[in-house]
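Next come the chains, spelled out residue by residue.
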Amino acid sequence: MGSSGDAFGHTRWSLVAALRDGDAGSGADPLTELCRGYWYPAFAFLRRSGLDPGAAQFRCRQFFASLAADIRTSNPASFGRFRVFLFDRLQSFLATPGVPPGLPPLPDPPLSLDELEERLAREHLADAAPDTAFERSFGLQVLSRSRERLRAEVERSGRGGMFERLAPFLTIDPSPSAVAELSMALGIGALALQVAVKRLRQRFRELVETELAETVASSSDLEAERAALLRALSGKP
């Protein structure tokens, strides 16, 4: 990743700027895009802060509405890293009694309550501390978004079926028995399969890097976000 400012032209901060300026650009609603990308980390934080599922979902709606209002009257890009900004605003929101009047309409959740609760359980966040739940869910969301980008790329190349077979090995090495089974299922040799997995994993790492880059305002913050991602996913403080 180069250090040129051009590399950071399409970032989460561009959505923030569009929301602040009331500019939908291509027609996509920036608040909807932010909700789609970061509802899960916000929900995870609110749930682990003591709210029951229904209350956490409703407060999530209030949070993103208040976030939109806050963005229009502040300078959020001064935080440099979107993850830091979002966590700061979540903490402030939870610590403020009541909800400010005059909020814009509450956004609709991009995920159902059942989907959110199932994901918390699947990703072992149901008992995590609030800050840990946020950091880990944010990191997992980075991986999820990167995986979906990779899926779309592979499907456009007409190899969607192969992606579904190889996707479980984006972050772990296939066992010898898995290599043999996949080779037979896909009709390719073991060496060709291993090369395909290696290339897929390399592209996945590149897309994770791209996803991280889109959450920072400059290249100087990117290394810190890499370290934060590894720390969150490893479970280390």
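Let's talk about the nonpolar core
Turning to step 1, where the next piece is worked out: Ranked by size, the top nonpolar core spans 58 residues in total, and within it F63, F64, F82, L86 and L150 carry the most contacts.
Turning to step 2, where the next piece is worked out: Ranked by the residues each element gives to this core, the list is headed by helix α2 (residues 30–48), at eleven residues.
Turning to step 3, where the next piece is worked out: What F63 contacts, discounting residues up to four positions off in sequence, is A42, L86, R89, L90 and F93.

Describing the packing of α2 against helix α4 (residues 82–95)
Turning to step 1, where the next piece is worked out: At their nearest, the axes of α2 and α4 sit 11 Å apart, and the two run at 50° to each other. Put simply, α2 runs oblique to α4. As α2 packs across α4, the resulting crossing turns out to be right-handed. Facing α2, whose interface residues are L34, Y38, A42, F45 and L46, α4 presents F82, L86, F87, L90, Q91 and L94.
Turning to step 2, where the next piece is worked out: When the residues that make up the contact of α2 with α4 are grouped by side-chain class, the tally is ten nonpolar, one polar and no charged.

Digging into the packing of aromatic side chains
Turning to step 1, where the next piece is worked out: Going through the model one piece at a time under the given rule, you end up with nine aromatic pairs.
Turning to step 2, where the next piece is worked out: For the ring pair W39 and F64, a centre distance of 5.3 Å and an interplane angle of 10° mean the geometry is stacked. Here the residue W39 occupies a position in helix α2, and F64 occupies one in helix α3 (residues 53–71), the gap between them amounting to 25 residues.
Turning to step 3, where the next piece is worked out: Ring plane angle 85° and centroid distance 5.5 Å describe the contact between F45 and F87, whose orientation is recorded as edge-to-face. With F45 in helix α2 and F87 in helix α4, the pair connects residues that are 42 residues apart, well separated along the chain. Comparing F45 with F87, the two get one shared label, buried.
Turning to step 4, where the next piece is worked out: Grouping aromatic residues by their ring pairs yields a cluster made of Y38, F45, F82, F85, F87, F134 and F138.
Turning to step 5, where the next piece is worked out: Across from the ring centre of Y40, 3.8 Å away, lies the NZ or CZ of R119, which sits over that ring.

A few points about unusual backbone geometry
Excluding glycine, most residues fall at negative phi; most peptide bonds, likewise, are trans.
Turning to step 1, where the next piece is worked out: The phi dihedral of H124 is positive, around 60°, even though this residue is not glycine.
Turning to step 2, where the next piece is worked out: Relative to the helices and strands, H124 resides in the loop between α5 (113–122) and α6 (130–156).
Turning to step 3, where the next piece is worked out: For H124, a relative accessible area of 68% corresponds to the exposed category.

A few points about the environment of L143
Turning to step 1, where the next piece is worked out: By the element assignment, L143 lies in helix α6.
Turning to step 2, where the next piece is worked out: Separated by 25 residues in the primary sequence, L143 and E118 have C-alpha atoms spaced 18 Å apart.
Turning to step 3, where the next piece is worked out: Excluding residues that lie within four positions of it along the chain, L143 makes contacts with F204, V208 and L233.

Some details on empty space enclosed by the protein
To find the voids left in a structure, one rolls a probe of water-molecule size over its atoms.
Turning to step 1, where the next piece is worked out: Going through the model one piece at a time under the given rule, you end up with one cavity of 30 Å³ or more.
Turning to step 2, where the next piece is worked out: Taken as a whole, the largest cavity holds about 60 Å³ of empty space.
Turning to step 3, where the next piece is worked out: Contributing to the lining of the largest cavity are R83, E135, F138, G139, V142, L212, E225, A228, L229 and A232.
Turning to step 4, where the next piece is worked out: Looking at the lining of the largest cavity, the elements that each hand over two or more residues are α6 and α10 (222–234).
Turning to step 5, where the next piece is worked out: Class assignment of the residues belonging to the lining of the largest cavity gives a composition of six nonpolar, one polar and three charged.

About the thresholds
- Residues numbered from 1 in each chain as written.
- Predicted model: local features only at pLDDT ≥ 70, side-chain atom pairs only at ≥ 80, totals over all residues.
- Heavy atoms only, no water.
- Core = buried A, V, L, I, M, F, W, Y, C linked by side-chain atoms within 4.5 Å.
- Buried < 20%, exposed > 50% of the residue type's maximum accessible area, 1.4 Å probe, protein only.
- Helix = DSSP H or I, 4+ residues; strand = E, 2+ residues; numbered from the N terminus.
- Contact = heavy atoms within 4.5 Å.
- Axes fitted to C-alpha atoms, helices over the stretch in contact; angles between N-to-C directions.
- Parallel < 35°, antiparallel > 145°, perpendicular 65-115°, else oblique.
- Left-handed = near helix turned anticlockwise from the far one by under 90°.
- Nonpolar A, V, L, I, M, F, W, Y, C, P; charged D, E, K, R; others polar.
- Phe/Tyr/Trp six-rings, centres within 6.5 Å; stacked < 30°, edge-to-face > 60°.
- Lys NZ or Arg CZ within 6 Å of the ring centre and 35° of its normal.
- 1 Å grid on protein atoms, 1.4 Å probe; cavity = no way out; pocket = protein on both sides within 12 Å on 5 of 7 lines; lining within 4 Å.
- Points joined across faces, edges and corners; volume = space filled by probe spheres on them.

Purely geometric numbers; function is a separate question.
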